[in-house]
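Listed here are the chains, written in short residue letters.
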Amino acid sequence: MSMPSSALSSHGEKQQQQQQLVCVTGAGGFVGAWVVKELLLRGYRVSGTARVPADRKNEHLLSLEGAKERLALCRADVLDYGSLRAAFAGCHGVFHVASPVSDDPDLVPVAVEGTRNVINAAADAGVRRVVFTSSYGAVHMDPNRSPDAVVDETFWSDYEFCKQTGNMYCCAKMMAEKAAMEEAARRGLELAVVVPCVTVGPMLQPTLNASNRRVAIYLTGARTFYPNAVAAYVDVRDVARAHVLVYERPDARGRRFLCVDAVLHRQRFLQLLRDLCPDYPIPTNN
Ligand SMILES: NC(=O)c1ccc[n+]([C@@H]2O[C@H](COP(=O)([O-])OP(=O)(O)OC[C@H]3O[C@@H](n4cnc5c(N)ncnc54)[C@H](OP(=O)(O)O)[C@@H]3O)[C@@H](O)[C@H]2O)c1
């Protein structure tokens, strides 16, 4: 069967794109490692940053398929512009996944300054396109939203409400996403934003990250009741694919994309968990 010439040229372009060098910040973390894995599987050459690349907690990256030939780890801290500039040398694209994940009040300046450093270092290194990992926490925390509203990419959390309720992580992700948009526009960089909700699924890294810890507490018996609450969940493999998809599609530039699979009441979420792990002490009371 013959292919139309336009399909052949876009196939060729795609192949060329997939041999490009791209950088993933926070490569050793839960989401970062899956983004690295997805990029390697698609044929990219990947530079992954970590604050201490030789730390044993990053060893899982070295055994990914294609890592031996096409993955290099380098040291970078988002607060150190020079380390980012060096890490991005020769890269076509940057996936800015790294972020402190906690409710420490110092999170906001670190996330914002770190993001500004990443965008400026990328622009100075001649990078064309950046994908920024935001969070649903930057979108849904608004007490004044109508309960009937269907949340989409136009929604933003209420900064003051997040601050008053101690949700500094949501404040940090909101301000960092806005900083990424502002700085990318100023520097003429193509930016696409992935906005995942609570991300769960298999871990490549050896230690629990915050979102999987939220599941683990129900498996270990550390939490004996559950709140009357709903949350949105997505599989980490879908989040990783979304990152690469928005990188590869030129029509994604300048846009944000919610990455949500299911919205579940905690009771339903725990029932699904119980079906998967019937022998674990999963709470039945709220
Ligand atoms: N998991 C979720 O449910 C979820 C949902 C929505 C969005 N996200 C976003 O996804 C990203 C990754 O989160 P995760 O769940 O994968 O968390 P994680 O496993 O804790 O990974 C966080 C990563 O950020 C890096 N990092 C932290 N502070 C840094 C700094 N000052 N300089 C350089 N790197 C730094 C860490 O690198 P080191 O190894 O150097 O410490 C680590 O690789 C974050 O942007 C987070 O906001 C996560």
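Residues numbered from 1 in each chain as written. Predicted model: local features only at pLDDT ≥ 70, side-chain atom pairs only at ≥ 80, totals over all residues. Heavy atoms only, no water.

Chemist: Could you give an account of the pattern of salt bridges, with specific residues and numbers?
Modeler: For the coordinates displayed, the defined rule picks out 13 salt bridges. When the shortest N-O distance is used, the salt bridge between Arg42 and Glu248 registers 3.3 Å. Of this pair, Arg42 sits in the loop between helix H2 (30-41) and strand E2 (45-50) while Glu248 sits in helix H10 (residues 236-248), and the two are 206 residues apart along the sequence. The residue Arg253 makes a salt bridge to Glu190 at a minimum N-O spacing of 3.7 Å. Taken together, the residues span a long stretch of sequence, with Arg253 in the loop between H10 and strand E9 (255-259) and Glu190 in strand E6 (residues 190-196) at a distance of 63 residues. Of the residues examined, Arg253 reaches a relative accessible area of 41% and is grouped as partly exposed. (Salt bridge = Lys/Arg side-chain N within 4 Å of Asp/Glu carboxyl O. Helix = DSSP H or I, 4+ residues; strand = E, 2+ residues; numbered from the N terminus. Buried < 20%, exposed > 50% of the residue type's maximum accessible area, 1.4 Å probe, protein only.)

Chemist: Please set out the layout of surface pockets residue by residue, giving values where relevant.
Modeler: In this structure, the second largest pocket encloses a volume near 410 Å³. Lining the second largest pocket we find 20 residues, and of these Val200, Gly201, Phe269, Leu273 and Leu276 sit closest to its centre. Per-class residue counts for the lining of the second largest pocket are 15 nonpolar, two polar and three charged. (1 Å grid on protein atoms, 1.4 Å probe; cavity = no way out; pocket = protein on both sides within 12 Å on 5 of 7 lines; lining within 4 Å. Points joined across faces, edges and corners; volume = space filled by probe spheres on them. Nonpolar A, V, L, I, M, F, W, Y, C, P; charged D, E, K, R; others polar.)

Chemist: Summarise the site of the ligand; cite the residues concerned and give the values.
Modeler: With respect to spatial proximity, 26 residues lie near the ligand, and among them Val31, Arg51, Val97, Tyr169 and Lys173 are the closest. Measuring from an oxygen atom of the ligand, one finds a backbone N or O atom of Val31 at 2.8 Å. Note that an oxygen atom of the ligand is positioned 3.1 Å from one of the side-chain N or O atoms of Lys57. A total of 880 Å² of accessible area belongs to the ligand in isolation, and the protein chains cover 89% of it. For the shell around the ligand, the secondary-structure elements that each account for two or more residues are H2, helix H8 (168-187) and strand E7 (198-200). Residues of the shell around the ligand, tallied by class, amount to 13 nonpolar, nine polar and four charged. (Near = heavy atom within 4 Å. Polar contact = N/O pair within 3.5 Å; in protein donor to acceptor, adjacent residues only side chain to side chain. Areas by Shrake-Rupley, 256 points an atom, 1.4 Å probe, with all protein chains shown as cover.)

Chemist: Which residues make up the packing of aromatic side chains, and what values go with them?
Modeler: In total, this model carries three aromatic pairs according to the counting rule given. When the ring of Phe95 is compared with that of Tyr247, the centres are 5.1 Å apart and the planes differ by 45 degrees; the resulting orientation is tilted. Of this pair, Phe95 sits in strand E4 (residues 93-96) while Tyr247 is found in helix H10, placing the two residues 152 residues apart along the sequence. With relative accessibility at 0%, the residue Phe95 sits in the buried group. Both rings, one in Tyr233 and one in Phe269, keep their centres 4.3 Å apart while their planes meet at 10 degrees; by these two values the pair is stacked. Residue Tyr233 is found in strand E8 (residues 230-235), and its partner Phe269 is found in helix H11 (residues 266-276); the two are separated by 36 residues along the sequence. Neither Tyr233 nor Phe269 differs from the other in exposure class; each is buried. In this structure an aromatic cluster arises from ring pairing among Tyr44, Phe95 and Tyr247. One residue, Arg129, lies across the ring of Tyr247, its end atom 5.7 Å from the ring centre. One cation-aromatic arrangement involves Arg223 over Phe225; the distance from NZ or CZ to the ring centre is 6.0 Å. (Phe/Tyr/Trp six-rings, centres within 6.5 Å; stacked < 30°, edge-to-face > 60°. Lys NZ or Arg CZ within 6 Å of the ring centre and 35° of its normal.)

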